[in-house]
Protein chains: 4
Amino acid sequence: MEQLAHNLGKNLAKVAEILVSGGLGGTMEAVFQGFKAVGGLTIGITPGYDKKEANEHADIVIPTGLGLARNVLVVKSAEVVVALPGEAGTLSEIAYCLQFGIPVISLKSWDIPGVIKAETVEEAVNKVRELLKA
Amino acid sequence: MEQLAHNLGKNLAKVAEILVSGGLGGTMEAVFQGFKAVGGLTIGITPGYDKKEANEHADIVIPTGLGLARNVLVVKSAEVVVALPGEAGTLSEIAYCLQFGIPVISLKSWDIPGVIKAETVEEAVNKVRELLKA
Amino acid sequence: MEQLAHNLGKNLAKVAEILVSGGLGGTMEAVFQGFKAVGGLTIGITPGYDKKEANEHADIVIPTGLGLARNVLVVKSAEVVVALPGEAGTLSEIAYCLQFGIPVISLKSWDIPGVIKAETVEEAVNKVRELLKA
Amino acid sequence: MEQLAHNLGKNLAKVAEILVSGGLGGTMEAVFQGFKAVGGLTIGITPGYDKKEANEHADIVIPTGLGLARNVLVVKSAEVVVALPGEAGTLSEIAYCLQFGIPVISLKSWDIPGVIKAETVEEAVNKVRELLKA
């Protein structure tokens, strides 16, 4: 999964200049690493107050201290969201996208009515490109 | 659906003393009305700063001004959550229950892995009773 | 100072039915203890996610997980605020009162333009009574 | 006051690469304008959900929807804070600095025990430089 995230990050850098995530480890770190490898700017909006909580590929850290409520901010900062395979945290972010009317692409992630499904990184990135143009 | 909510509220009052919700209209109002009809205490945790935003069956109003981030507080205040049919807001609350490990009963609501399904108010209330005892 | 807080709580119960605070120890606990001794209802809006963080005199606990941002909720839930001697946390709550236009009585606490000063518990409680009537 | 803010922004750009503020108009806009004039990166952490609420000199907008609770995030994102003349919102941010232990320079702003006072932009910027080195 981190391979998928890294690959996504690398390819997203072709269509976007800034990538926002929850800023922690695992998928969030891998996607930042890929995005930065091609020169993008990364912003991690973290749940705690300690900036060191963020992964080392976050250029800018917003340490919210809001716990899980910070998921709203991660989503609302974006024009388009790509959801990677994940658990309930990812599901809450998809739900917030649907509430806000922010387009959310599910790359092998939750299949919820209203998400835009993508099976490959290429397909996801193409959809991001189109949505950012619109 | 509001009939279902009202009926749920009335029956929850047999097993719980306090009912928390997002405090607005529709389902949130109907369930409060039912709960108060049998003497329970209702707490509405609302998204805006204006207490008048709450429905008139909220005994106590916590006007958070946090927007959708207040969903976290609605969920985290509870020992057990019952989800009624709803859209993305309900889905975000189910997701938070799963993240926090708070038991969530889906009464004809979202069918997400990890929720406890119930088909009738009676079944939902019985499950709440058992969970509160545990 | 906790004697002052306890005494304040006891006397506030003559003019108010519900007392909200940050729900932790020290002053917040003493004022709840006094208020409950005369039968009032206490609500603790706590910074973390663990309900056990609240003092044992909180009847209702709203565990926000919002850290210091929960200070906004403590203030905004109230019709009138009484500030006891305290440090920067108290100062942030006074500042929020001034922003929201909520009357704030400073009982030997910060002397900021806009607060209503009181030298004794009796004076503070009389002012709360008048403000609640208005 | 906006002249002071603009001047502060321009000079802060000599010692810092990123400037965070509440992102709205008035002082927040003037300080961004000055900072950007010399090439710095500006981040506006706004209270509402609408990115258009931010002033046009914000390079990055984090639209929190948290209302006044977003003041915590503005402060906590920083290594050093400079408070300009302002009202209760500024006071709440100074209070949060003191709670977090973040150094806060009061440039003709609130005189609260614990703040570092500065009478001129030059003095404020020199203090920021020293604090960022430490």
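Quick note: structure is the one above.
To keep things clear, this report deals only with the structure shown in the data block.

## Notes on the overall build of chain A
When its secondary structure is counted, chain A shows 5 helices and 6 strands. When its helices and strands are written in sequence order, chain A yields α-β-α-β-β-α-β-α-β-β-α. A compact globule built from 134 residues should have a C-alpha radius of gyration of about 14 Å, and chain A, at 13 Å, falls within 12% of that. If one aligns the C-alpha atoms of chain A with their principal axes, the spans along those axes are about 35 × 30 × 25 Å. Of all 134 residues assigned to chain A, the portion counted as buried reaches 56%.

## What to know about the relation of the copies chain A and chain B
For the pair chain A and chain B, the superposition axis carries a translation of 0.0 Å, the fit reaches an RMSD of 0.0 Å, and the rotation angle comes to 180°. Expressed as a symmetry operation, the mapping of one chain copy onto the other fits a two-fold axis. Taking C-alpha positions as reference, the residue of chain A nearest the rotation axis is Ser92 of chain A, located at 2.3 Å. By residue overlap, the copies meet face to face through one surface: 100% of the interface positions of chain A are interface positions in chain B.

## Here we look at the nonpolar core
Grouped together as the largest cluster of nonpolar side chains are 96 residues, with contacts concentrated most on Ile112 of chain A, Ile112 of chain B, Ile112 of chain C together with Ile112 of chain D. Apart from the residues within four sequence positions on either side, Ile112 of chain C is in contact with Leu91, Ile94 and Leu98 of chain C together with Leu91, Trp110 and Ile112 of chain D.

## A closer look at unusual backbone geometry
One can expect most non-glycine residues to show negative phi and most peptide bonds to be in trans. Residue and element names in this part refer to chain A. Even without being a glycine, Lys108 presents a positive backbone phi close to 60°. Structurally, the position occupied by Lys108 is in the loop between β5 (104-107) and β6 (116-118). Looking at Lys108, the relative accessible area reads 51%, which means it is exposed.

## Some points on the environment of Gly89 of chain C
Along the chain, the position of Gly89 of chain C falls in helix α4 (residues 88-100). With a relative accessible area of 17%, Gly89 of chain C lands in the buried category. For the pair Gly89 of chain C and Val75 of chain C, spaced 14 residues apart in sequence, the C-alpha separation works out to 12 Å. Those residues in contact with Gly89 of chain C, other than ones at most four positions away along the chain, are Asn71 of chain C together with Gln99 of chain D.

## A closer look at helix α5 (residues 121-133) of chain A
Along an α-helix, residues three or four apart share an orientation, since each turn contains 3.6 residues. Here α5 of chain A is 13 residues long and its end C-alpha atoms lie 18 Å apart, about the 18 Å a rise of 1.5 Å per residue gives. Those residues of α5 of chain A that are buried lie in contact with α1 (2-12), β4 (81-83), β5 and β6 of chain A.

## So, the interface of chain A and chain C
Facing 6 residues of chain A, the contacting portion of chain C comprises 6 residues. Buried surface at the junction of chain A and chain C, both sides included, amounts to about 360 Å², of which 54% is carbon and sulfur. Applying the counting rule to chain A against chain C returns 0 salt bridges. Inspection of the region where chain A meets chain C yields 2 residue pairs in polar contact (both at pLDDT 80 or more). The residue makeup of the side of chain A that touches chain C, split by class, is 4 nonpolar, 2 polar and no charged.

## Section: the pattern of salt bridges
All names here are of chain A. With the rule as written, the count across this model stands at 16 salt bridges over all chains. Residue Asp59 pairs with Lys36 through a salt bridge whose shortest N-O separation is 2.5 Å. Pair noted here: Asp59 is in the loop between β2 (41-46) and β3 (60-63) and Lys36 is in helix α2 (residues 27-37), with a separation of 23 residues, a long-range link.

## Side note on the packing of helix α1 (residues 2-12) of chain C against helix α5 (residues 121-133) of chain C
Residue and element names in this part refer to chain C. Orientation of α1 relative to α5, taken along the N-to-C sense of each, is 35°, at an axis distance of 10 Å. Crossing geometry of α1 relative to α5 is assigned as right-handed. Seen from α1, the contacting residues are Leu4, Asn7, Leu8, Asn11 and Leu12; seen from α5, they are Val121, Ala124, Val125 and Val128. A breakdown of the residues in the contact of α1 with α5 according to their chemical character gives 7 nonpolar, 2 polar and no charged.

## Quick word on the packing of aromatic side chains
Counted according to the given criterion, the structure contains 10 aromatic pairs over all chains. Aromatic side chains Tyr49 of chain B and Phe100 of chain C sit 4.8 Å apart centroid to centroid with 70° between the ring planes, which places their arrangement in the edge-to-face category. Of this pair, Tyr49 of chain B sits in the loop between β2 (41-46) and β3 (60-63) while Phe100 of chain C is found in helix α4, placing the two residues in two different chains. Overall, Tyr49 of chain B belongs to the partly exposed group, its relative accessible area being 24%. Its end group placed over the ring of Phe100 of chain B, Lys76 of chain B keeps NZ or CZ at 5.3 Å from the ring centre.

## Things to note about a positive patch on the surface
Taken together, the side chains of Lys10, Lys14, Arg129 and Lys133 of chain A make up a positively charged region of the molecular surface. Inspection of the secondary structure assignment puts Lys133 of chain A in helix α5.

## Examining the pairing of β2 of chain B
It is a general feature of regular strands that their side chains alternate between the two faces of the sheet. Residues and elements named next belong to chain B. Of all 6 residues that make up β2, 5 are buried, and the element is covered over most of its length. One ladder, built from 4 bridges, connects strand β1 (residues 18-21) with β2; its direction is parallel. Bridged to Ser21 within β2 is Gly44. Once the chain exits β1 it traverses helix α2 (residues 27-37) before rejoining the sheet at β2, and the crossover so formed is right-handed. Judged from the 4 bridges that link them, β2 and β3 form a sheet pairing that is parallel. When the bridges of β3 are listed, Ile45 appears paired with Ile62.

Criteria and cut-off values
- Residues numbered from 1 in each chain as written.
- Chains lettered and ligands numbered in written order.
- Predicted model: local features only at pLDDT ≥ 70, side-chain atom pairs only at ≥ 80, totals over all residues.
- Heavy atoms only, no water.
- Helix = DSSP H or I, 4+ residues; strand = E, 2+ residues; numbered from the N terminus.
- Rg over C-alpha atoms; globule rule 2.2 N^0.38 Å.
- Buried < 20%, exposed > 50% of the residue type's maximum accessible area, 1.4 Å probe, protein only.
- Least-squares fit on C-alpha atoms with pLDDT ≥ 70 in both.
- Contact = heavy atoms within 4.5 Å.
- Core = buried A, V, L, I, M, F, W, Y, C linked by side-chain atoms within 4.5 Å.
- Expected span 1.5 Å × (residues − 1).
- Buried area = accessible area lost by both parts, 1.4 Å probe.
- Salt bridge = Lys/Arg side-chain N within 4 Å of Asp/Glu carboxyl O.
- Polar contact = N/O pair within 3.5 Å; in protein donor to acceptor, adjacent residues only side chain to side chain.
- Nonpolar A, V, L, I, M, F, W, Y, C, P; charged D, E, K, R; others polar.
- Axes fitted to C-alpha atoms, helices over the stretch in contact; angles between N-to-C directions.
- Left-handed = near helix turned anticlockwise from the far one by under 90°.
- Phe/Tyr/Trp six-rings, centres within 6.5 Å; stacked < 30°, edge-to-face > 60°.
- Lys NZ or Arg CZ within 6 Å of the ring centre and 35° of its normal.
- Patch = residues over 30% accessible without salt bridge, like charges linked within 9 Å, V, L, I, M, F, W, Y side chains within 5 Å.
- Areas by Shrake-Rupley, 256 points an atom, 1.4 Å probe, with all protein chains shown as cover.
- Lys, Arg positive; Asp, Glu negative; His and termini not counted.
- Charge placed at Lys NZ, Arg CZ, Asp CG, Glu CD.
- Pairing = 2+ DSSP bridges.
- Right-handed = clockwise from strand over helix to strand, strands pointing away.

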